[in-house]
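Structural features, examined
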Amino acid sequence: MLGSLYLRRSCNRKGMRRLVWLTSVPKRPVLGLLCLWVGLLGPGWRAPAQATLNQYCQLSQAEIDRKESLRQAVLLGESEAAGQYERLLKQHANNLRDCRRQEWPDNQATWLRLYPCDLQPGMLDALMDRIVNLGYNEVYIEAFYNGQVLLPQAENNTAWPSVIQTRGYENRDLLAEAIAAARQRGLKVSAWVFTLNFGYSYGQRADRQQALARNGSGVDTQTFALNGQSNSPEEIFIDPYNPQGQRDYLQMLQGILRRQPDAVLFDYIRYPRGVGAASVASTVGDLWIYGTAAQQALLQRALNNQGRELIRRFVYQGYITASDVEQVDALFPNEGAPLWQSRRVPEPTDEPVSAGIRRPILQEELWRLSVAHAIQGVVDFLQMVTRTAQQQEIGAGAVFFPSGNQAVGTQGYDSRLQHWDRFPQNITWHPMAYSICGNASCIVQDIQAVIEKSNNISNVRPALAGIWGSATDNRPSLEAQMTAIERAAPGLTSISHFAYSWQDPEFDRIRKFCQL
């Protein structure tokens, strides 16, 4: 019987922790003894083919130097270097793949912004090599951000300018070239895109002003940002109900999808985060539902005339009075009660209930309807864009703050209204677990809160902030965070680190400030 057994992934992760005997391969008992030996040696031991990788799947300095020397030799045109370099890339890709199968987590990603100088000869090769060196087998490339898009200028028919605007480079496709360079090294690639934050350049367009989100003071998100009421003057948010904004975004997204990333990760799926008192939405006028499209969609949630008229008065006055209730009753006497989506009408009583008694109940229900309407606009926009990616068999994910869906007090809500618990379950969730408390406990709490709302833990892929090897700004090192998370949630299969520039700041500065 022993001769018909073998071990599947028996030497993975923690040595002997996951020994699994399977049948059908004869005469393999030696493997069992080998894996027992590995388990006794401990998790730091590796077979010779992976001897250069540590427990985080990072390459040794000797291997890094060897690869970099070959890359530079290729640039100098040395005839034999190209083949050697290509073979070494393949070897490192295989080693990384095997290591990630053995070590937790299965997938480790980094968030990456590209710069025009990445089009210089050999720069993308150097960049992707360094990402592999750090043990990452996935990269999230920023493709739409700060009001600009990573598409070639010659092909850019979107509402935004291209990232690369250098003369003579109009046809260079940095996103496609980066995807190819990453895949050559065995890396999976996701396109990381802003969503409802369309950026400053979009807000400057005279023909797009109606697409911007507005609050009850008639202020659009551009004016709100320029007045210093939000985190950044670059963050200009659109009305998710606006059809022009939807068309513009889908056209841009199609351009990204044509580059065939493995997935698209949608960020900024929310409204602006205000500063000070503006960080809480506590009245209907604080909500970004005063754009024409959002208003029309809200009124359409009414199920009869009484409901529509009360919604209209509440939104424009910010409240309703007993007189409003009486007037609406008189305007539409044949309707028993105001109705709108999700409203449950109280059972009728023998004695009529006065307008004064009904007013506070109706006002509370109208407030809840208005908040739900604002939230639903965000969710609907996300569903639209993720469906577009999935229809082309490209994965989709949502990036969000675990705290973005919080109530504040008894009547208020976090102004971002990022109710990620309503996001689709058929996409990956990327909670930005950036909490700071001096240790990893609050980071773990953020992640566990998201796991509780997900129906599939493998779809939860936390994003961590930090650097390898040391704590910074009261934030634990990445190693400390990873250890705490694995202990608390070993079922997670993917983790990402924000951002690559934090891990390799000097090289990032070189790429950012050099000239094409």
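Below or above, wherever it landed, is the structure these notes cover. Note that the structure is a prediction, hence the values are computed from the model and not measured.

Observations concerning the sheet that holds strand β11 (residues 412-414)
Working definition: the strands of a sheet are paired by backbone hydrogen bonds and lie parallel or antiparallel to each other. One open sheet accounts for three strands, arranged β8-β11-β10; its pairing is antiparallel. Each edge of the open sheet is held by one strand with a lone partner, namely β8 (280-281) and β10 (407-408). In this sheet, β11 lies alongside β8 in antiparallel orientation, the contact comprising two bridges. Paired with Val-280 across the two strands is Asp-414, which belongs to β11.

Considering the pairing of strand β3 (residues 107-112)
Burial analysis of β3 places six of its six residues in the buried class, the great majority of the element. Of the two faces of β3, both are covered, the one formed by Asn-107, Ala-109 and Trp-111 as well as the one formed by Gln-108, Thr-110 and Leu-112. Sheet topology places β3 next to strand β14 (residues 494-498); four bridges connect them, and they run parallel. From the neighbouring strand, Thr-110 faces β14, where its bridge partner is His-497. Bridge count for β3 against strand β4 (residues 138-145) is four bridges, and the pairing is parallel. Its bridge partner being in β4, Trp-111 is matched across the sheet by Tyr-140.

Concerning the environment of Gln-58
Positionally, Gln-58 belongs in the loop between α1 (29-41) and α2 (61-75). Sequence spacing of Gln-58 and Phe-266 is 208 residues, and the spatial spacing of their C-alpha atoms is 28 Å. Apart from residues lying up to four places away in sequence, Gln-58 is in contact with Thr-52, Leu-53, Asn-133, Leu-134, Gly-135 and Trp-468. A polar side-chain atom of Gln-58 sits 3.5 Å from the main-chain carbonyl oxygen of Leu-134.

Concerning the side chain of Ser-454
Mapped onto the elements of the fold, Ser-454 is located in the loop between α13 (441-453) and β13 (463-465). For Ser-454, a relative accessible area of 16% puts it in the buried group. In terms of polar contacts, Ser-454 uses its side chain to reach the backbone carbonyl oxygen of Asn-456, at 3.0 Å. With residues near it in sequence (within four places) discarded, Ser-454 still touches Gln-425, Trp-429 and Val-460.

So, the pattern of salt bridges
For the structure shown, the criterion picks out 25 salt bridges. Across the salt bridge formed by Arg-313 and Glu-309, the nearest N and O atoms sit 2.8 Å from each other. Here Arg-313 and its partner Glu-309 are both found in helix α10 (residues 305-317), four residues apart, which amounts to about one turn of the helix. Like Glu-309, Arg-313 is buried. Within the structure, one salt-bridge network assembled from shared partners comprises Arg-205, Asp-207, Arg-208 and Asp-248.

Here's the deal with the environment of Glu-78
As for its position among the elements, Glu-78 is in the loop between α2 and α3 (81-102). Under the relative-accessibility criterion, Glu-78 is labelled partly exposed at 45%. As for Glu-78 and Arg-387, which are separated by 309 residues in sequence, their C-alpha atoms are 48 Å apart.

Some points on the environment of Asn-197
You can see Asn-197 is positioned in the loop between β6 (188-194) and α6 (200-203). What makes Asn-197 buried here is its relative accessible area of 2%. Here Asn-197 is in contact with Phe-144, Glu-234, Glu-235, Ile-236, Phe-237 and Tyr-268, once residues within four sequence places are set aside. Side-chain polar atoms of Asn-197 contact the backbone nitrogen of Gly-199, separated by 3.2 Å. Among the polar contacts listed, one links the side chain of Asn-197 to the backbone nitrogen of Ile-236, at a separation of 3.2 Å.

Thresholds applied
Residues numbered from 1 in each chain as written. Predicted model: local features only at pLDDT ≥ 70, side-chain atom pairs only at ≥ 80, totals over all residues. Heavy atoms only, no water. Pairing = 2+ DSSP bridges. Helix = DSSP H or I, 4+ residues; strand = E, 2+ residues; numbered from the N terminus. Buried < 20%, exposed > 50% of the residue type's maximum accessible area, 1.4 Å probe, protein only. Contact = heavy atoms within 4.5 Å. Polar contact = N/O pair within 3.5 Å; in protein donor to acceptor, adjacent residues only side chain to side chain. Salt bridge = Lys/Arg side-chain N within 4 Å of Asp/Glu carboxyl O.

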